[in-house]
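Architecture and fold: a report
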Amino acid sequence: MHVEEKILTKLVTKYRNSRKDLGTNTIVRATRIRPSEIYRRYASNDGDYAAIEEVNATAKALCDKGFIKVVKEPFGTQIEEMILSDGRVEEIERYLSKHYGYVSKDTIIDAMRKLIKTYGNKSPHCNSICKQLKELVLKRKIVHNIQDTEDMLKALAFVENNNEDLYIREASMKIFGDSKYFETTVLQMVCHHLRNGEQPSVGEMEDEILGQYHIHKEPRNITIKGNCTITINGKPTDISAFQNGITFSATDLTAITSINLYGQTFMTIENKTAWMRYNNKNVVTMYLGGYADRFQRDFIRKVYEDNKDSTFLHFGDIDPGGFWIHHHLVSSTNVPFGLYEMSIATLQNKKYESCLHKLTDNDITRLQQLKNKEPYQEVVHYMLKNNVKLEQEIVALDVALQN
C-alpha cells in the first residue's frame, strides 16, 4: 500500500469507527495516528532512513493539502503524530476513491440499503439477515465484506426457494453463472445460516443440509481393492480379479445385496497414493479421500453388516486431520475402526525421521481438542510434546516394501 493511501485510510477508518461519526460522542477528541503505525521502525535507531523520509515527505504533502495536521517533536524534526482534518473527511474519501479505489463507509451503507430492499422478503433467512442489516444501518455500522454479504443473500434466496433436483455445481451456475463459485466462496456461510448457527449432528457433513432443498453434491465414487465379492443386481463380482481395484458410482449402492470379505481385515485409507501403494491379500482396502460422505458411509455400514467378524481399521496421516477423519468415520458409521500405523511407535521409527514435520498453530489447536479423547490420547500428547506430525505416504511405501 502506498504511504499516502495508508495514512489517509488509517485516519478515515479510525474516524468512521468512532463515536464522532455516529454522532454519540460527548467529548471531542482528535482522530490521530503515530508514524510508527505507517512504518513500524520509524522511531528506531535502526530504521530505514529512506522509509522514514518517505513518511515525513508524504505527511508534509498531505498537510499542504489540508487533509491532516502534523505534530512534531518539541526539539526535533521527527513526527509525533498525524491528525485528521475531520471537516474534510468526505473529501478525503473521494480522493482515496479516485486514486486508490477506496470504498467509503457511506457507499457501503447505501449498498446495504439496496440489499435490504432487494432481498428482504426473498426467503426466511434473507429476511432475518436483512433485519440485522437494518439495525447496522441505523447505527451507521457496516458489514465486514459487502460482496460476501450480497453473495450469501443471493445464494440463500435461490436455495430456500428451489424445488428442482440439482447438483451443487448446477445450482452455482444458476445463481452465479459460475460452476465453482458457490462451493469456493459462500457454501459454508450459507449452510451455517440454514442450520441457524448450529453445528451438524454427529456424523453429518455440513453441506448435507442442502439436500433438504433438493441440492446435492456430486456423489463420490466408491474405490476398493482386495479379496472380496460384491453382489450387485444378483450378480457376484470377484474384486480380487482386479489387481488395481475397481471404482464404481455411489449411485449403484442401492443395487448391492451383499459384500463378502475373504480377507481378515477391511481398511479405509485416507490418501490416494497410500491406497495405491498398499497391498495385502488379507486386507480389503477402500480409498476414503478425506471425511466420509453419505454414500461412503452407507457402503461401509453395508460392509460391516455383512462381515461383523472382520477387523476394521483406518490408515491416515498422523496429524490432526487424520485423527479427526477417523473420529468422524467411527461416529458417523458406528463401525469400530481401529487405527493402523497411527501411533507413537510409527513417529519414533528412525526410517521416517527425515519426513517428520513441525506442527502449525492450527495443528496445535486441533490436537488440543483431541488430547483427552480415546484412542488418541497417548499419541496426541507425544505429538504436542515433541512438535511432530507425519504424512502416511512414506509409511505406506515402507509397508509395501516389507511385503
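Every chain begins its residue count from 1, and numbering advances along the sequence as written. Selection of residues for local features in this predicted model requires a pLDDT of at least 70, selection of side-chain atom pairs for listing and counting requires 80 or more, and totals for whole chains, interfaces and linings are taken over all residues. To obtain the side-chain values, all non-hydrogen atoms of the structure were included, while hydrogens and water were left out.

This next bit is on helix 16 (residues 393-402). Three or more residues of helix 16 are buried, namely V395, A396, D398 and V399. The arc enclosing the buried residues of helix 16, seen along the axis, measures out at 165 degrees, which places them on a common side. Against helix 10 (272-277), strand 13 (311-315) and helix 13 (344-348) lie the buried residues of helix 16. Working definition: with a 1.4 Å probe on protein chains only, accessible area under 20% of the residue-type maximum means buried, over 50% means exposed, and in between means partly exposed. Labels follow the DSSP assignment, with helices taken as runs of H or I lasting at least four residues and strands as runs of E lasting at least two, numbered in each case from the N terminus. The reported arc concerns the directions from the helix axis to the C-beta atoms and nothing else. Two residues form a contact once any of their heavy atoms are found within 4.5 Å.

As a further point, take the nonpolar core. Ranked by size, the top nonpolar core spans 33 residues in total, and within it L133, L153, F182, V190, L194 and L210 carry the most contacts. Of all the elements in the fold, those that place two or more residues in this core are helix 5 (105-119), helix 6 (124-138), helix 7 (146-159), helix 8 (168-176) and helix 9 (181-194). Not counting residues up to four positions away in its chain, the partners in contact with V190 are M152, A155, L156 and F182. By nonpolar core is meant a set of buried Ala, Val, Leu, Ile, Met, Phe, Trp, Tyr and Cys residues that side-chain atoms within 4.5 Å join together. By size, the runner-up hydrophobic cluster in this structure holds 27 residues, among which are M267, L359, V388 and L390.

Relative to the elements of secondary structure, R277 occurs in helix 10. Along the sequence, R277 and Y119 sit 158 residues apart, while their C-alpha atoms lie 52 Å from each other. Beyond its immediate sequence surroundings of up to four residues, R277 is in contact with A396, L397 and A400.

What follows concerns helix 15 (residues 377-386). Along helix 15, the positions that sit buried rather than exposed are V379, V380 and M383. What you see down the axis of helix 15 is that its buried residues fit within an arc of 100 degrees, all on one side. Opposite the buried face of helix 15, by more than 90 degrees, sit the exposed residues E378 and K385. Those residues of helix 15 hidden inside the fold are in contact with helix 12 (320-333), helix 13 and helix 14 (361-368). Positioned one or two residues after helix 15, N387 has a phi angle of 55 degrees, which is positive.

This brings us to the sheet that holds strand 12 (residues 283-287). Hydrogen bonds along the backbone pair up the strands of a sheet, which may run parallel or antiparallel. Here the rule is simple: two strands pair whenever DSSP picks up at least two bridges between them. Across the sheet, 6 strands lie side by side as 9-6-12-11-13-14; this open sheet has mixed pairing. Strands with a single pairing partner mark the edges of an open sheet, and in this sheet they are strand 9 (246-249) and strand 14 (338-339). Where strand 6 (residues 221-225) lies against strand 12, 3 bridges are found, and the strand directions are antiparallel. Note that in strand 12 the partner of T223 across the bridge is Y287.

On to the confidence of the model for the protein chain. Regions with low pLDDT should not have their predicted coordinates read in detail. Taken residue by residue, the protein chain gives an average pLDDT of 90. The fraction at 70 or more is 96%. One number per residue, pLDDT, summarises how confident the predictor is, and it ranges from 0 to 100. Confidence, read as mean pLDDT per element, is least for helix 2 (residues 19-22) in the protein chain (76) and greatest for strand 13 (97).

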